[in-house]
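Residue-level structural notes
The lines below spell out each chain.
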Amino acid sequence: MYSLSDTGPQGKNYIYSPCRDFTTALCKNATAVCQSNVTWGHNCGTVADSSFVTIASQNLSLQYNNGDKAENGLARQSRVLLICDENATEASFTAFGDYFETLHYQFTLVSKFCCPVPYQSSPTFLSLSVGSLLIILFFSLLFVYFVVGVLYKKVRSGATGKEMIPNYGFWSTLPELVKDGVLFIIQPCNCRKSKREYEPI
């Protein structure tokens with residue numbers, strides 16, 4: 001467990017785990033902030049009930065709610081002010097104690113991990129051109145066409161070998177048709193001679 005600790009102005013000890021609830025010998029209920037003395041401990045808010053809050057003229061804060069209730073029925077809660085320090089090699093945690101009437105605990109956390117994360121561009125697939133997306137779609141549909149066609153002919157017709165390929169006659173002649181089309185375009189009309197000739201009667 002990654003945790004930080006400090007002693008508040010009233011002499012009470014505080015242990016803080018930013019991202020995961022924990023328990024100790026004195027704080028027996030899962031907590032993100034444990035306030036303890038020699039003989040007792042209090043849960044001062046949990047990660048499960050935490051949220052980011054923004055206060056005017058202050059940095060972003062993490063607030064942990066649903067801590068142990070006091071005799072007056074109020075539940076303890078903690079607010080950790082997040083301060084960015086990109087040069088900090090270790091995090092610094094400071095406890096300012098609690099407001100007895102409201103049982104709100106105030107802390108600051110200074111760390112490079114409190115700094116804003118630079119905006120990252122969208123994933124590559126979202127920046128693909130329309131042509132690339134069409135090519136991906138075409139080959140995906142072609143794959144589905146062959147798989148479904150093979151399974152259909154295998155199950156319904158009991159086909160084997162080449163007969164399993166859907167529209168095998170068309171696909172077997174496709175290379176020759178493409179070749180004839182290319183020759184038709186690149187050769188002059190008066191010099192072109194088709195290889196397909198009628199057999200003499």
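In this report, we go over the structure that sits alongside the text. Every chain is numbered independently, its residues counted from 1 as its sequence is written. Reporting in this predicted model follows two pLDDT cut-offs: at least 70 for local features of residues, and 80 or more for side-chain atom pairs to be given and counted; totals over whole chains, interfaces and linings ignore these cut-offs and use all residues. Hydrogens and waters are ignored; side-chain quantities use all the structure's heavy atoms.

Counting its secondary structure elements, the protein chain contains 2 helices and 9 strands. Residue exposure (1.4 Å probe, protein chains only): buried if accessible area is under 20% of the type maximum, exposed if over 50%, otherwise partly exposed. Relative to its full complement of 201 residues, the protein chain shows a buried share of 24%. When contacts within the protein chain are restricted to residue pairs at least 6 apart in sequence, those whose partners lie at least 24 apart make up 36%. Of the roughly 14,500 Å² that the protein chain leaves accessible, carbon and sulfur atoms contribute 61%. Helix numbers and strand numbers start at the N terminus; a helix is a DSSP run of H or I with at least 4 residues, a strand a run of E with at least 2. In what follows, a contact means two residues having at least one pair of non-hydrogen atoms within 4.5 Å. Residue-level accessible areas treat just the shown protein chains as cover; the underlying method is Shrake-Rupley with a 1.4 Å probe.

A separate point is a nonpolar patch on the surface. Nonpolar side chains (Val, Leu, Ile, Met, Phe, Trp, Tyr) within 5 Å and like charges within 9 Å form the patches, drawn only from residues with over 30% relative accessible area and no salt bridge. What counts as a salt bridge is simple: a side-chain nitrogen of Lys or Arg found within 4 Å of a carboxyl oxygen of Asp or Glu. Among the surface-exposed residues, F143, V144, V147, V148 and L151 lie close enough to one another that they form a single nonpolar patch of about 470 Å² accessible area. Its place among the elements puts V148 in helix α1 (residues 130-157).

On to the packing of aromatic side chains, then. Each aromatic ring pair is summarised here by two numbers: the centre-to-centre distance and the angle between the ring planes. Ring pairs are drawn from Phe, Tyr and Trp, using the six-membered ring of Trp, whenever the two centres fall within 6.5 Å, and their geometry is named by plane angle: stacked under 30 degrees, edge-to-face over 60, tilted for the rest. The final tally for this structure, using the stated rule, is 7 aromatic pairs. Measuring from ring centre to ring centre gives 5.2 Å for Y145 and F146, while their planes differ by 75°; the resulting arrangement is edge-to-face. A network of ring pairs unites the aromatic residues Y14, Y16, Y64, F93, Y105 and F107 as a single cluster.

This part is about the sheet that holds strand β4 (residues 41-43). Spatially, 4 strands are ordered β1-β2-β3-β4 in an open sheet, and the strand pairing comes out antiparallel. Either end of the sheet is taken by a strand with one partner, and the two such strands are β1 (4-7) and β4. Between one strand axis and the next, the sheet turns through 20° on average, direction left out of account. Strand pairing is defined by DSSP finding a minimum of two bridges between the two strands. As paired elements, β1 and strand β2 (residues 13-16) share 4 bridges and run antiparallel to each other. Interaxial angle, 0 to 180 degrees, is taken between N-to-C directions of lines fitted to C-alpha atoms, where a helix line uses only the stretch in contact.

Right, let's get into the sheet that holds strand β5 (residues 50-54). Reading across the sheet, the 5 strands line up as β5-β6-β7-β9-β8 and stay open at both edges, with mixed pairing between neighbours. Every interior strand has two partners, whereas the edge strands, β5 and β8 (92-99), have only one. For this sheet, the mean angle separating the axes of adjacent strands, direction not counted, is 25°.

By definition, disulfides here are pairs of cysteine sulfur atoms that lie within 2.5 Å. On inspection of all chains with the given rule, the structure shows 2 disulfides. Paired by a disulfide, C27 and C34 hold their sulfur atoms 1.9 Å apart. Across the S-S bond linking C27 and C34, the dihedral sits near 85°, which makes this disulfide right-handed. Exposure remark for C27: the relative accessible area of 2% places this residue in the buried category. The disulfide that involves C84 links it to C115, with 1.9 Å between the sulfurs. Its S-S torsion of approximately 90° makes the covalent link between C84 and C115 right-handed. One end of the pair, C84, is in strand β7 (residues 77-84); the other, C115, is in the loop between β9 (104-111) and α1, with 31 residues separating them in the sequence. Sequence-ordered numbering of the bonded cysteines in the protein chain yields a pairing of 1-2, 3-4. Counting only cysteine sulfurs, C27 is the nearest neighbor of C44, a cysteine outside any disulfide, at a range of 6.9 Å.

The next point concerns unusual backbone geometry. Both trends apply: most residues other than glycine have a negative phi, and most peptide bonds are in trans. We note that N66 has phi near 65°; this positive angle belongs to a residue other than glycine. Inspection of the secondary structure assignment puts N66 in the loop between β6 (60-64) and β7. Here the phi dihedral of L103 falls at roughly 60°; this positive angle occurs in a residue that is not glycine.

Looking now at the environment of S111. By the element assignment, S111 lies in strand β9. Of the residues examined, S111 reaches a relative accessible area of 5% and is grouped as buried. Sequence separation between S111 and D85 is 26 residues; the distance between their C-alpha atoms is 5.3 Å. In this view, S111 contacts I83, C84, D85, A88 and A91; residues no more than four positions away in its chain are not counted.

Y14, Y16, V33, V80, F107 and L109 are the most contacted members of the largest nonpolar core, which has 17 residues in total. Elements represented by at least two residues in this core include exactly β2, β6, β7, β8 and β9. Per-element accounting of this core gives the leading share, 3 residues, to β9. Once you skip the residues sitting within four places of it in the chain, L109 turns out to touch L4, Y16, V80, L81, L82, I83, A91, S92 and C114. Nine residue types can take part in a nonpolar core, namely buried Ala, Val, Leu, Ile, Met, Phe, Trp, Tyr and Cys, and a core is a set of them joined through side-chain atoms within 4.5 Å.

All we've got here are geometric facts, nothing functional implied.
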